[in-house]
Amino acid sequence: MLNEVGDVLAVKGIIPKLLAAIDAMPPGGIAFYPVANQNEIDAELLIKAQKKKIDLVPISRLDQAATRLGIALFHTWLESPYRGLEAFGFEHRGIYFGRKSDVDHICKRLIKREKADRAGILVLAHSGAGKSSLVLAGVIPALVDGNYANHDIGLDWQVWQPQRAETKDEAGLCASIFLNWVDVPALSRLKKEVRPIRLKDLTAYLVKDQIDGRNFIWIVDQLEELFTLGFQDEAISAFADFVLALQGMGIWVIGTLRSDFYANYQRYEPLVTVFGGDGLYDLPALHQEALRQIIEEPAKAKDFVFEKNENGVSLVERLLTDVAHATDALPLLEFTLSELYRERDNARHMLIFKAYDDIGGIKGAIGKAAERAFGEHNQKFESYLPNLLH
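These numbers were taken from a predicted model, which means no experiment stands behind them. (Residues numbered from 1 in each chain as written. Predicted model: local features only at pLDDT ≥ 70, side-chain atom pairs only at ≥ 80, totals over all residues. Heavy atoms only, no water.)

### Quick notes on the packing of helix 6 (residues 170–181) against helix 9 (residues 233–248)
Each pair of packed helices can be summarised by the angle the axes make with each other and by the distance between the axes.
Part 1: Where helix 6 meets helix 9, the axes come as close as 9 Å, and the angle between the chain directions of the two elements is 35°. Of the residues in helix 9, those in contact with E170, L173, I177 and W181 of helix 6 are A235, A238, F239, F242 and L246.
Part 2: Looking at the contact of helix 6 with helix 9 residue by residue, the class counts come to eight nonpolar, no polar and one charged. (Axes fitted to C-alpha atoms, helices over the stretch in contact; angles between N-to-C directions. Helix = DSSP H or I, 4+ residues; strand = E, 2+ residues; numbered from the N terminus. Contact = heavy atoms within 4.5 Å. Nonpolar A, V, L, I, M, F, W, Y, C, P; charged D, E, K, R; others polar.)

### A closer look at the packing of aromatic side chains
Part 1: Applying the stated rule across the entire model yields 12 aromatic pairs.
Part 2: Ring centres of W181 and W218 lie 5.2 Å apart, and the angle between their planes is 85°; this geometry places the pair in the edge-to-face category. Of this pair, W181 sits in helix 6 while W218 sits in strand 5 (residues 215–220), placing them 37 residues apart in sequence. The burial state of W181 is the same as that of W218; both residues are buried.
Part 3: On the numbers, 5.5 Å between centres and 35° between planes, the contact of Y262 with Y265 is tilted. Placement of the pair is Y262 and Y265 together in helix 10 (residues 262–266), with a separation of three residues, close to one helical turn.
Part 4: Among the residues examined, Y262 registers a relative accessible area of 26% and is labelled partly exposed.
Part 5: Among the aromatic residues, ring-to-ring pairing joins W160, W181, F216, W218, F239 and F242 into one connected group.
Part 6: Sitting over the face of the ring of Y341, R344 holds its NZ or CZ atom 4.1 Å from the ring centroid. (Phe/Tyr/Trp six-rings, centres within 6.5 Å; stacked < 30°, edge-to-face > 60°. Buried < 20%, exposed > 50% of the residue type's maximum accessible area, 1.4 Å probe, protein only. Lys NZ or Arg CZ within 6 Å of the ring centre and 35° of its normal.)

Right, dumping it as structure tokens:
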């Protein structure tokens with residue numbers, strides 16, 4: 001079942017249906033199920049699928065299943081193809097462009113390091129460079145699709161951010177990570193364990209046979225939050241030891257870190273060890289061809305084109321010229337494109353110059369959007385003012 005924007009909804013009785021599918025399928029097949037049902041996938045089902053070499057693949061949209069099967073779909077994106085100021089997630093893989101080379105380099109490094117029992121990559125870049133989007137919409141889909149990883153053993157992944165911890169001590173980190181992991185199919189046996197309060201106790205549960213023969217990738221997004229949100233130094237040290245222990249158990253760890261917190265990261269030797277050598281990936285600036293892909297390719301998913309002026313020059317060229325002179329180019333460009341799409345010419349299926357000028361261009365789009373939002377709610381704000389001034 002799908003909702004109004006094309007998301008795959010949860011299915012009732014998913015376990016018996018998947019068991020029946022596994023029984024009916026030939027060895028080496030693929031069984032898709034909704035991401036919304038992931039909490040229900042248990043170890044018994046995983047073991048049965050593994051014995052028959054059936055790959056269980058969670059999906060949130062039907063196009064993900066088509067991509068996994070090698071079927072090319074065009075013009076099928078149901079929402080805006082631009083993300084504004086929001087990061088791209090796994091579900092946005094179909095509209096993520098511009099970082100193919102970086103995805104390839106990172107995946108190849110991961111495989112190389114995995115063979116040396118050092119699977120782990122830390123993506124380093126300034127704020128707004130697109131680190132999280134690269135990992136979640138680029139690297140993970142490439143691995144899940146089997147372009148690099150071995151699908152005979154399967155792959156599970158989970159993303160976690162330090163901000164999810166309710167307290168800033170080791171117990172808070174441990175509780176948050178435990179809750180993050182109990183929904184991972186390969187770690188489903190954790191649900192039967194007493195919730196630990198120390199990270200080394202959590203490590204003790206993760207013996208290799210609990211992974212059920214599958215690769216598990218843990219993504220620590222925005223690692224700098226360990227240094228900016230007031231976590232105790234002892235908690236950070238315990239976390240560093242924990243991540244090193246995970247690597248020793250064969251769990252892949254992918255992190256993202258703002259480059260201005262690199263010195264803080266270097267204070268914790270176990271973290272440096274995990275991502276040592278070629279485990280650091282400095283995310284380069286986007287070149288013009290990559291920016292062109294970011295502009296043009298998502299529009300194609302909605303069968304839209306960019307207007308050309310009387311001289312035959314495309315709006316794409318103006319966007320590229322304007323973004324070349326902007327600081328924080330990527331978030332500004334993505335937000336401008338989302339506003340441009342909001343003001344699209346539906347009759348001609350076109351993104352037009354007039355709309356670009358009306359929204360203020362690259363430099364003015366955010367300000368114009370703020371003015372519009374305030375104007376839309378101005379009367380409501382004004383009704384509150386008398387009470388605020390008393």
